[in-house]
Amino acid sequence: MNDYLVASYPNRGVTFVEGKGAYLIEKSGRKYLDFASNYGVSIFGYQYPSITRALKKQLSKIVNIHGSFGSDARDEAAKLLVSHCNGKLQRVFFSSSGSEAMEAALKFAKLASGKTHFVAMEEGYHGKTLGGLSATGSLKYRQQFEPLLWSFAHVPFGDKDALVKSVNKDTAAVILEPVQGEGGINLAPKGYLQFVQKLCNEKGILLIVDEIQTGIGRTGTFLAGEQFGLKPDILCLGKGLAGGIPIGATLVTEEIAQTIPLHVHTSTFGGNPLACAGILAVLKEFEDGKVLKHVREMGDYFLAKLKTLKHPKISEVRGIGLMLAIELSQNATPVLKALQNAKIIAIPAGSNIVRFLPPYIISKKEIDLVIAVFKKVLSFEF
Ligand SMILES: Cc1ncc(COP(=O)(O)O)c(C=O)c1O
């Protein structure tokens with residue numbers, strides 16, 4: 001790796017120079033089946049024709065135009081994005097990463113409520129900027145940077161009583177991911193998310209839903225929250241929304257938008273036409289419903305196949321759509337390495353979980369291959 005880079009990432013020991021379809025390619029030409037999509041970014045794999053075409057077209061016109069000037073691409077992307085969300089969310093603030101989308105969400109919640117007490121979830125992940133980190137549950141990420149921002153309580157994801165006890169008259173918002181990604185692909189117990197929504201409605205507390213990982217079709221619906229009755233006041237999106245171009249989006253209700261004054265929250269790159277052209281190209285892919293149907297079918301198939309992998313090293317298999325995990329009874333790193341040696345890329349979630357976030361273009365053939373390789377890997381001595 002490079003001596004000039006800050007070494008804050010683990011070194012996977014492989015360098016990719018190209019991507020094509022669901023494959024990443026080394027300089028030598030060796031191909032790896034990508035079942036991680038760059039942590040959920042490359043949702044249509046690499047060189048997906050309509051997205052590449054749209055980005056190239058925009059590149060040849062204009063890449064940057066500041067938010068204080070008009071941009072047709074930005075206007076259209078905001079309008080189309082709003083039409084894909086839940087009807088309650090009517091305005092978008094664009095930025096360039098998931099963490100930034102969360103920063104905006106926290107500031108907007110403060111502006112709308114006048115309050116700075118937030119309730120977030122243990123094992124929740126909302127980024128590593130100081131605001132996002134304050135909402136993030138994991139001590140591993142937080143500890144060295146404390147004291148963090150404002151007042152954040154963290155309650156176990158799925159524990160109704162703990163949530164009820166944590167909210168009070170000073171609570172601005174409850175923050176959660178519909179399915180926890182980084183925390184281990186954790187699904188909430190049945191009825192929990194509906195309960196959170198009801199509690200927020202009754203108590204007049206804002207609900208911030210982070211769909212940076214679960215959104216844009218990952219779980220088989222455009223937003224995962226659709227499956228669990230979530231109608232947030234503030235929604236965060238990122239990752240694959242712009243076809244691989246850096247993006248963050250914070251959607252708010254009209255009422256909240258009206259509380260955000262001029263100048264106090266802006267971003268030089270936010271809503272640049274290149275990212276917005278990416279958004280338009282991505283959203284067009286969702287128009288006829290075929291992509292979501294494919295995600296559901298492949299997700300169900302993959303999960304069913306994973307469940308056939310009975311082995312003492314596997315403690316649980318879980319997930320939804322194409323957001324799946326194998327929890328191991330040991331550290332996941334040697335398994336991830338063995339998969340990589342077999343030319344399959346997966347990623348961790350926590351220390352003992354193998355996480356799969358494949359691109360939506362995968363077929364049963366590729367899933368079968370991953371299952372066959374995983375079976376072999378399980379027989380290795382670690
Ligand atoms: C749920 C969730 N929120 C926030 C983030 C932070 O996004 P970014 O890394 O783009 O800042 C991530 C990234 O993995 C995420 O999964």
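Residues numbered from 1 in each chain as written. Predicted model: local features only at pLDDT ≥ 70, side-chain atom pairs only at ≥ 80, totals over all residues. Heavy atoms only, no water.

Our focus in this paragraph is the overall build of the protein chain. The secondary structure content of the protein chain amounts to 13 helices and 17 strands. On C-alpha atoms alone, the protein chain measures out to a radius of gyration of 20 Å, which is about the 21 Å that the 2.2 N^0.38 rule sets for 382 residues. Projecting the C-alpha coordinates of the protein chain onto the three principal axes gives extents of approximately 55 × 55 × 45 Å. Scored against the burial criterion, the 382 residues of the protein chain give a buried share of 54%. Long-range pairs, those at least 24 residues apart, make up 72% of the contacts in the protein chain with a sequence separation of at least 6. Working note: accessible area of the protein chain is about 17,700 Å², and carbon and sulfur atoms make up 55% of it. A gap of 4 Å separates the mean positions of the 44 positive and 34 negative side-chain charges of the protein chain. (Helix = DSSP H or I, 4+ residues; strand = E, 2+ residues; numbered from the N terminus. Rg over C-alpha atoms; globule rule 2.2 N^0.38 Å. Buried < 20%, exposed > 50% of the residue type's maximum accessible area, 1.4 Å probe, protein only. Contact = heavy atoms within 4.5 Å. Areas by Shrake-Rupley, 256 points an atom, 1.4 Å probe, with all protein chains shown as cover. Lys, Arg positive; Asp, Glu negative; His and termini not counted. Charge placed at Lys NZ, Arg CZ, Asp CG, Glu CD.)

This paragraph deals with the pattern of salt bridges. Between side chains of opposite charge, a pair can form as their charged atoms come close. Counting across every chain of the model gives twelve salt bridges. Here Glu202 and Lys198 are joined by a salt bridge, their closest N and O atoms 3.3 Å apart. In this pair, Glu202 and Lys198 are both assigned in helix H8 (residues 192–203), four residues apart and thus about one turn of the helix distant. Taken individually, Glu202 and Lys198 each receive the classification exposed, so the pair is uniform in this respect. Measuring nitrogen to oxygen at the nearest pair gives 2.7 Å for the salt bridge that ties Arg318 to Glu316. The class for Arg318 is buried, based on a relative accessible area of 12%. Take Glu316: its relative accessible area is 39%, and that puts it in the partly exposed class. The structure contains a network of salt bridges with shared partners spanning Glu316, Arg318 and Glu327. (Salt bridge = Lys/Arg side-chain N within 4 Å of Asp/Glu carboxyl O.)

With domains assigned, the protein chain is organised as domain 1 (16–47 + 289–378) and domain 2 (51–285). Contacts between the two partners involve 26 residues from domain 1 and, on the opposite side, 27 residues from domain 2. Here domain 1 packs against domain 2, burying approximately 2,100 Å² in sum over the two surfaces, 62% of which is carbon and sulfur. At the surface where domain 1 touches domain 2, the tally comes to one salt bridge. Note that Glu182 is salt-bridged to Arg355, the shortest N-O span being 3.0 Å. Counting across the domain 1 and domain 2 interface gives eleven residue pairs in polar contact (both at pLDDT 80 or more). For the side of domain 1 that touches domain 2, the secondary-structure elements that each account for two or more residues are helix H1 (37–40), helix H11 (290–307), strand S13 (314–320), strand S14 (323–328) and strand S17 (353–356). At four residues, the largest contribution of residues to the side of domain 1 that touches domain 2 is made by H11. Per-class residue counts for the side of domain 1 that touches domain 2 are 17 nonpolar, six polar and three charged. (Domains from an automatic or database assignment. Buried area = accessible area lost by both parts, 1.4 Å probe. Polar contact = N/O pair within 3.5 Å; in protein donor to acceptor, adjacent residues only side chain to side chain. Nonpolar A, V, L, I, M, F, W, Y, C, P; charged D, E, K, R; others polar.)

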